[in-house]
Amino acid sequence: MSIDRETFDRSSEDELEELSSTEQVLGFLAANDDRAFKATEIAARTELDGGTVSTALTRLKNRELVEHKGTYWAITSDEQRLERHDGYSRATRLFNEQLGTEEKAAWKEHAPAEPHPSREEDSQ
């Protein structure tokens, strides 16, 4: 994955180290914290191998950083646990630097009005 020159110039070597696959999966779920995904969709959206994503999800579940229900995965709602996890902080910082800080209020204005199918199953 390439980065723009401005990010290259202002970032330290540590910041430019590539995120691990586990950090990428956690970062993806954090960026989509109001949704749950199948592992195959996470793999497609992060451009990671399916086996790599499954291993990352298992590691994250063992650390209680993600939740698993049926075939769906979501980031934990325990914000304190996430904040204590160094990989989450690093991934969030790098994504914010590369893509800009997310404004949740603005993002939610454009979110679909209907719930994700996994949430509909919960209400039945």
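Our subject in this report is the structure included herewith. Bear in mind the structure is a predicted one, so any value in this text is a computation, not a measurement.

### Examining the pattern of salt bridges
Evaluation of the coordinates by the stated rule reveals two salt bridges. Between Arg45 and Glu41 there is a salt bridge, and its shortest N-O distance comes to 3.2 Å. One end of the pair, Arg45, and the other, Glu41, are both in helix α4 (residues 39-46), four residues apart, so they sit about a helical turn from each other. Exposure remark for Arg45: the relative accessible area of 47% places this residue in the partly exposed category. Ionic pairing is found between Glu64 and Arg81, a salt bridge with its closest N-O pair at 2.9 Å.

### Remarks on the pairing of strand β3 (residues 72-75)
Burial along β3 is two-sided: Tyr72 and Ala74 facing one way and Trp73 and Ile75 facing the other are all buried. Alignment of strand β1 (residues 37-38) against β3, held across two bridges, turns out to be antiparallel. From the neighbouring strand, Lys38 faces β3, where its bridge partner is Tyr72. Of the strand pairs in this sheet, strand β2 (residues 66-69) and β3 are connected by four bridges, and their pairing is antiparallel. Bridging from a neighbouring strand, Val66 pairs with Ile75 of β3. Connecting the antiparallel pair β2 and β3 is a turn made up of two residues, with Gly70 showing a positive phi of about 65°.

### A few points about the packing of helix α3 (residues 21-31) against helix α5 (residues 50-62)
The contact between α3 and α5 brings their axes to 9 Å, and the two run at 75°. The angle between α3 and α5 falls in the class roughly perpendicular. For the pair formed by α3 and α5, the contact residues are Ser21, Thr22, Val25, Leu26 and Leu29 on the first element and Thr52, Val53, Ala56, Leu57, Arg59 and Leu60 on the second. For the contact of α3 with α5, the residue count by class is seven nonpolar, three polar and one charged.

Thresholds, definitions, all that
- Residues numbered from 1 in each chain as written.
- Predicted model: local features only at pLDDT ≥ 70, side-chain atom pairs only at ≥ 80, totals over all residues.
- Heavy atoms only, no water.
- Salt bridge = Lys/Arg side-chain N within 4 Å of Asp/Glu carboxyl O.
- Helix = DSSP H or I, 4+ residues; strand = E, 2+ residues; numbered from the N terminus.
- Buried < 20%, exposed > 50% of the residue type's maximum accessible area, 1.4 Å probe, protein only.
- Pairing = 2+ DSSP bridges.
- Axes fitted to C-alpha atoms, helices over the stretch in contact; angles between N-to-C directions.
- Parallel < 35°, antiparallel > 145°, perpendicular 65-115°, else oblique.
- Contact = heavy atoms within 4.5 Å.
- Nonpolar A, V, L, I, M, F, W, Y, C, P; charged D, E, K, R; others polar.

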